[in-house]
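A closer look at the structure
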Amino acid sequence: MDKTFNPSQIEQACYQHWESKGMFSPSGHGEPYCILLPPPNVTGSLHMGHAFQHTIMDALIRYRRMKGDNTLWQCGTDHAGIATQMVVERQLNAQGKTRHDLGRDKFVERIWEWKEESGGNITQQMRRLGASADWNREVFTMDDNLSEAVREVFVQLYDEGLIYRGKRLVNWDPVLLTAVSDLEVVNDEEDGHMWYMRYPLSDGSASLTVATTRPETMLGDTAVAVHPDDERYQDFIGKTITLPLTGREIPIIADDYVDPEFGTGCVKITPAHDFNDYDMGKRHDLPMINILDDEARINQNAPAEYQGLDRFDARDKIVKDLEAAGILVETKPHKLKVPRGDRTGVIIEPYLTNQWYVAVESLAKPAIAAVESGEIKFVPENWSKTYYQWMNNIQDWCISRQLWWGHRIPAWFDEDGKEYVGKSEAEIRTKYGLADNVALKQDEDVLDTWFSSALWPFATMGWPENTKELDTFLPSSVLVTGFDIIFFWVARMIMMTKKFTGKIPFKEIYITGLVRDENGDKMSKSKGNVLDPIDVIDGIGLDALIEKRTTGMMQPKLAAKVTKQTKQQFPNGIDAYGTDALRFNFAAMASTSRDINFDMSRVEGYRNFCNKIWNATRFVLMNTEDFDTGNKGGELAFSPFDRWIWSRFERTVAQFEAHVADYRFDLAANTLYEFTWNQFCDWYLELSKPVVNSDATSEAQKRGTRYTLINVLEQLMRVMHPFMPFITDEIWKKIKPLSANTTQVPSIMLDRFVSFEASMLDESAEQEIEWVKSFVVGIRNIRGEMDIAPSKRLPVLLNNLNDVDRQRLENTQQYLTMLAKLESIEILEKTDEAPACATALVGEMEIMIPMAGLIDKEAELARLKKAADKLVAEVQRTEGKLNNQNFVGKAPAQVIDKEKAKLADAQMQLSKIQEQQAAIAKL
RNA sequence: GCGCCUAUAGCUCAGUUGGUUAGAGCGCUACCUUGACAUGGUAGAGGUCCCCUGUUCGAGUCAGGGUAGGCGCACCA
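Reading the values: the criteria
Residues numbered from 1 in each chain as written. Chains lettered and ligands numbered in written order. Predicted model: local features only at pLDDT ≥ 70, side-chain atom pairs only at ≥ 80, totals over all residues. Heavy atoms only, no water. Helix = DSSP H or I, 4+ residues; strand = E, 2+ residues; numbered from the N terminus. Buried < 20%, exposed > 50% of the residue type's maximum accessible area, 1.4 Å probe, protein only. Contact = heavy atoms within 4.5 Å. Near = heavy atom within 4 Å. Polar contact = N/O pair within 3.5 Å; in protein donor to acceptor, adjacent residues only side chain to side chain. Nonpolar A, V, L, I, M, F, W, Y, C, P; charged D, E, K, R; others polar. Pairing = 2+ DSSP bridges. Salt bridge = Lys/Arg side-chain N within 4 Å of Asp/Glu carboxyl O. Core = buried A, V, L, I, M, F, W, Y, C linked by side-chain atoms within 4.5 Å. Phe/Tyr/Trp six-rings, centres within 6.5 Å; stacked < 30°, edge-to-face > 60°. Lys NZ or Arg CZ within 6 Å of the ring centre and 35° of its normal. Patch = residues over 30% accessible without salt bridge, like charges linked within 9 Å, V, L, I, M, F, W, Y side chains within 5 Å. Areas by Shrake-Rupley, 256 points an atom, 1.4 Å probe, with all protein chains shown as cover. Lys, Arg positive; Asp, Glu negative; His and termini not counted. Charge placed at Lys NZ, Arg CZ, Asp CG, Glu CD. Axes fitted to C-alpha atoms, helices over the stretch in contact; angles between N-to-C directions. Parallel < 35°, antiparallel > 145°, perpendicular 65-115°, else oblique. Left-handed = near helix turned anticlockwise from the far one by under 90°. Domains from an automatic or database assignment. Buried area = accessible area lost by both parts, 1.4 Å probe. Disulfide = S-S within 2.5 Å.

Counting through the fold element by element, Lys792 comes out in the loop between helix H26 (763-786) and strand E26 (794-799). A residue is classified by how much of its surface remains accessible, and Lys792, at 37% relative accessible area, is partly exposed. Considering only alpha carbons, one finds Lys792 and Ile855, 63 residues apart in sequence, at a separation of 13 Å. With sequence-adjacent residues up to four places away left out, Lys792 is seen in contact with Arg783, Lys821 and Leu854.

Around RNA strand B there are 57 residues in total, and Ala211, Val267, Asn276, Lys337 and Ser591 lie nearest to it. Here RNA strand B approaches the protein such that, of its atoms within 4 Å, sugar and phosphate make up 65%. Thr212 is positioned such that a nitrogen or oxygen atom in its backbone is 2.6 Å from a sugar or linking oxygen of RNA strand B. Of all the elements in the fold, those that place two or more residues in the surface near RNA strand B are strand E8 (207-212), helix H11 (383-391), helix H21 (600-624), helix H23 (665-693), H26, helix H28 (857-883), helix H29 (885-890) and helix H30 (893-921). No other element matches H21, which puts 11 residues into the surface near RNA strand B. Its residues placed into classes, the surface near RNA strand B shows 20 nonpolar, 16 polar and 21 charged.

A word on the sheet that holds strand E16 (residues 397-398). The pairing of strands in a sheet happens through backbone hydrogen bonds and is either parallel or antiparallel. A sheet is described by the order of its strands in space; here 4 strands give the open sequence E6-E5-E14-E16, paired in antiparallel fashion. Lying at the two open borders of the sheet, with one neighbouring strand each, are strand E6 (178-180) and E16. In this sheet, strand E14 (residues 349-358) lies alongside strand E5 (residues 163-173) in antiparallel orientation, the contact comprising 10 bridges. The partner of Trp172 across the bridge, within E14, is Glu349.

For the rest of this paragraph, the subject is the pattern of salt bridges. This model, assessed by the stated rule, comprises 60 salt bridges. Residue Glu375 pairs with Lys498 through a salt bridge whose shortest N-O separation is 3.9 Å. Remark: Lys498 occurs in helix H16 (residues 486-501) and Glu375 occurs in the loop between helix H10 (361-372) and strand E15 (377-379); sequence separation between them is 123 residues. Judged by relative accessible area, Glu375 falls into the partly exposed class, the value being 39%. A salt bridge links Asp535 to Lys548; the nearest nitrogen and oxygen atoms lie 2.8 Å apart. With a gap of 13 residues between them, Asp535 in helix H17 (residues 533-538) and Lys548 in helix H18 (residues 542-550) connect regions that are remote in the sequence. With a relative accessible area of 8%, Asp535 lands in the buried category. For Lys548, a relative accessible area of 36% puts it in the partly exposed group. Within the structure, one salt-bridge network assembled from shared partners comprises Arg214, Glu216, Arg311, Arg315 and Glu349.

Ranked by internal contacts, the top residues of the largest apolar core, which has 149 residues, are Leu60, Phe598, Phe665, Phe680, Phe723 and Phe775. The element best represented in this core is H23, accounting for 12 residues.

Time to look at the packing of aromatic side chains. On inspection of all chains with the given rule, the structure shows 47 aromatic pairs. Taking the centre distance of 6.2 Å and the plane angle of 75 degrees together, the rings of Tyr63 and Phe656 count as edge-to-face. Here Tyr63 is found in helix H2 (residues 48-66), whereas its partner Phe656 is found in helix H22 (residues 640-661), with 593 residues between them in sequence. As far as burial versus exposure is concerned, Tyr63 and Phe656 are alike and both buried. Taken together through their ring pairs, the aromatic side chains of Tyr63, Tyr510, Phe584, Tyr606, Phe609, Phe656, Tyr663, Phe665, Tyr673, Trp677, Phe723 and Phe753 make up a single cluster. The ring of Phe140 carries Lys115 above its face, with NZ or CZ at 4.4 Å from the centroid.

Time to look at a negative patch on the surface. A cluster of like negative charges, contributed by Asp105, Glu109, Glu113 and Glu117, occupies part of the molecular surface. Among the secondary structure elements, Glu117 is positioned in helix H5 (residues 104-118).

Another aspect to go through is the packing of H22 against H26. Interaxial distance between H22 and H26 falls to 8 Å at its minimum, and their mutual angle equals 110 degrees. In this view, H22 runs roughly perpendicular relative to H26, as classed from their interaxial angle. By crossing handedness, the relation of H22 to H26 is classed as left-handed. Of the residues in H26, those in contact with Pro640, Phe641, Arg643, Trp644, Ser647, Arg648 and Arg651 of H22 are Glu763, Ala765, Glu766, Glu768, Ile769, Glu770, Val772 and Lys773.

Mapped onto the elements of the fold, Gly44 is located in the loop between strand E1 (32-36) and H2. In this structure, the C-alpha to C-alpha distance between Gly44 and Asp78, residues 34 residues apart in sequence, is 9.6 Å. Once you skip the residues sitting within four places of it in the chain, Gly44 turns out to touch Asn121 and Ile122.

Below, the discussion takes up the sheet that holds strand E9 (residues 223-226). Taken in spatial order, the 4 strands make up an open sheet running E10-E11-E9-E12, and their pairing is mixed. Each having just a single partner strand, strand E10 (240-242) and strand E12 (266-269) make up the two edges of the open sheet. Looking at each pair of strands side by side, their axes are set apart by 30 degrees on average, direction ignored. Here 4 bridges tie E9 to E12, and the two strands are oriented antiparallel to one another. Bridge pairing in E12 links Ala223 to Ile269.

Along the chain, Trp463 connects to Pro464 via a cis peptide bond; the corresponding omega equals 10 degrees. With respect to the helices and strands, Pro464 occurs in the loop between helix H14 (456-459) and helix H15 (468-473). Cis geometry is found at the peptide bond from Leu474 to Pro475, where omega equals 0 degrees. Residue placement: Pro475 occurs in the loop between H15 and strand E22 (476-482). Of note, Tyr663 is a non-glycine position whose phi angle comes to about 60 degrees, a positive value.

With respect to the helices, strands and loops of the structure, Leu92 is situated in helix H3 (residues 81-94). Owing to a relative accessible area of 0%, Leu92 belongs among the buried residues under this scheme. Measuring from C-alpha to C-alpha, the distance between Leu92 and Leu738 comes to 61 Å, with 646 residues separating the pair along the chain. In contact with Leu92, not counting residues within four places along its chain, are Lys97, Thr98, Arg99, Leu102, Phe107 and Arg110.

Further remarks concern helix H25 (residues 725-735). Across the 11 residues that make up H25, a large majority, 8, are buried. Within H25 the residues assigned to the buried category are Pro725, Phe726, Ile727, Thr728, Asp729, Ile731, Trp732 and Ile735. Packed against the buried residues of H25 are helix H1 (7-20), H2, helix H6 (121-128), helix H20 (579-589), H21 and helix H24 (699-720).

Within the secondary structure layout, Asp448 lies in the loop between strand E21 (446-447) and helix H13 (449-453). Separated by 3.1 Å, the side chains of Asp448 and Trp397 make a polar contact.

A few words now on the domain arrangement of chain A. Domains assigned within chain A are domain 1 (178-350), domain 2 (600-746), domain 3 (762-855) and domain 4 (857-923). Averaged C-alpha coordinates put domain 3 and domain 4 at centres separated by 22 Å. Between domain 3 and domain 4, the contact holds 15 residues from the first and 11 residues from the second. The junction of domain 3 with domain 4 conceals about 1100 Å² of combined surface from both sides, 60% of it contributed by carbon and sulfur atoms. Joining domain 3 to domain 4, the criterion identifies 1 salt bridge. Across the pair Lys912 and Glu846 runs a salt bridge, and its minimum N-O distance is 3.6 Å. For the interface between domain 3 and domain 4, the tally reads 2 residue pairs in polar contact (both at pLDDT 80 or more). Contributions of two or more residues to the side of domain 3 that touches domain 4 are made by H26, strand E28 (837-842) and strand E29 (845-850). Among the elements that line the side of domain 3 that touches domain 4, the one with the most residues is E28, at 4 residues. By residue class, the composition of the side of domain 3 that touches domain 4 is 9 nonpolar, 3 polar and 3 charged.

This part takes up the state of the cysteines. Applying the stated criterion across every chain yields a total of 0 disulfides. No disulfide involves Cys14; its sulfur sits 13 Å from the nearest other cysteine sulfur, which is in Cys610.

This is the structure:
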């Protein structure tokens, strides 16, 4: 084996081995355990959030697979309507063309080509992460069977009256030229203005001043509203206003939506361009005058001089014209929430169009109940509140998109515009009894991407066919996803799955944090702080990283800043840390926190951890490969250390499993790290050396230790495998033949998880080894603080031993000598006169190192003082507690006894140290 | 406005039902090429647990109030 672990040499071959041998498919026996992959964008690439979530999903799947479950990680990709269409449009734009130049069919063909070209990208990247998803069952949301499910659902919902078409205000993206859902609009506060305009009454008697943040919409005003109880305006209600610029006569109406305190208490009403005004318009039966076209230019409904102007140009002109006419009273700076499309960043227009909607109320009820009853559990539980809050105020879902890429809406219109819904034109003709000569035209629109992903839990299992998979893997076990798509996806899956299968889609929802950079900033291209998980695995040079971060930026001027920042952050680029280190890092970061700050130095730490494991393996192999490990018989004599490490190992297994069951992967990872590094490597491997290297130990003892070395390591690899699949499989293949594991499976991933063996717990061995450790640490302590060279062998005197101390000393003397680098160990008898010594305590036993020639008197006094000070504080604290009648009277006896024992121990130690101080001071 | 979250070592984070001297990794200091590993070892320094009040024998932990930061939803003429 190489002296250092080199992940790049093993990972890809290892993965190919797994995949080519079909190890990712469900075994077909055991309890079903299924995870649905949140389908990533088919043409996208893997980002840190994916890597994080996929690590967790894979860890769970690998763990359950090794536990003997019938595991399915159902994977696939999403067609991502808007995102994908935008990418291909941008490619066309770069060639100076638009999608309209190609036409719909050619354009869609072009997207399919792009999907063929880049569609495998993200799944290849998932493979680099070690994801053991069942690629044989990989699906794409536009596959035939999924499209069939989409049509089936649409038609059923329509037939039940739960899908309807209506002309309503929607969020319109004037660049994408499509409606988008509420969730796809971000409302952020921006600086704007408030314009005050004086509208004259038609009778010329007076005027009303209205305030607006969007003066251009006045072209579509169809009323002015005041509060019905507002005394200032009682006389105006029912009169009319002659709208400036258009000359339209519009009524003054009363509606208690108006807040008399805000602005002037008079509101201009533009029902076709504002959601609140729309509602008011409906209440008062106002005309709805649309003044914009699809691209948000002023249309023919406005005076000629404004027609064709872009909305912002129109605003400027209108403000100027109103000012000139003396209608504009005042302009004030004003902060307002501006709705922008989350994809394009352009300002969204409320726009009156025909769209398809899902009436969600009846679907929401059972979906709410499923969480309320505990049938579906959120982890952490708090996220259920977010879910309820949205579900209890849920709005009908606008599912039509004016895009070309996606599932075409299965609705047809005849020449009179009458709608017919069915899975195909032929079906419709039968269903509605339409003659062949009736001309039908299919709706141009496609469905919201989330409509198909809402069907993911059952459509991927073959629905509407009644398949074995549906029966076995629905509901799935746990959904691992981010809180940002609880509404988009999670809630809608619950609604649709309940509706169409009567089952819940998943039993638990594990909500992960969002991966941010080490400063807690969201990773984004414009901030230039994005990291590609593959770069963390393979490493990347500084120049290449800068290149990657600065190409294709929306704002090229940011490139300089990003370059500087990247140089500062990664002056030498990024090292190749390997997949296992990255995965272990993600596991270790997966606490309950909602933000995960990605810290490269931690990945480095886990890369070092991999190297530690690698080298521990080298050591174990050196000592077992050409020796008898006792697997073929022969007496095994286990030392206290052997029994101790087994006991600790069993505890580790139990803790690990408990933490995984709680979805506390951070604690699970720490448990493994602690055991492996701080117990197995730091102590056990050291302790094994005297046994395997000494002529004084018997063959049986050597066998016992070799057996323990190889088998603890072999089992440890199995426990670690879900988190670190590559290194564990590589090592396992090397060590398994030497171990007691007789399995014939070709990879650790198909072997059984280690089962907790309570019989291996050994309290007395653990105590004995704790005694050894404090003995050794006591001496290292003196060495360290007294500046004694580590290589210097020390003579040690022991005093005040009890029977247990004597027994333990006898059991472990050879180890103590080696670990603490001792020259000799001598027990003082009561009658002996002790020389001047530096002292450490193990319980009541004193470990003494003669000072002569080694230790400076003043230094030792200083060291003792430090120890004594601590003990004095401790004695004072505990005495204070025990003298407090309230404490003694009210605290449980157990706690009081603990305090008493603590006090006694501190007093004992203190008196011994004080004796030492006195003795040394006399020198 | 409603709801949620966070605040612990220089940095990134754990800390379970309240109960030893509050922990880990990284970083820092000193020493060490010993034979698995310098991607290593040994020792060490480093904390007003955001603030206030309360409950309690006892609070990092519970309650109330505040401060700072973050997120979601709704509203904003």
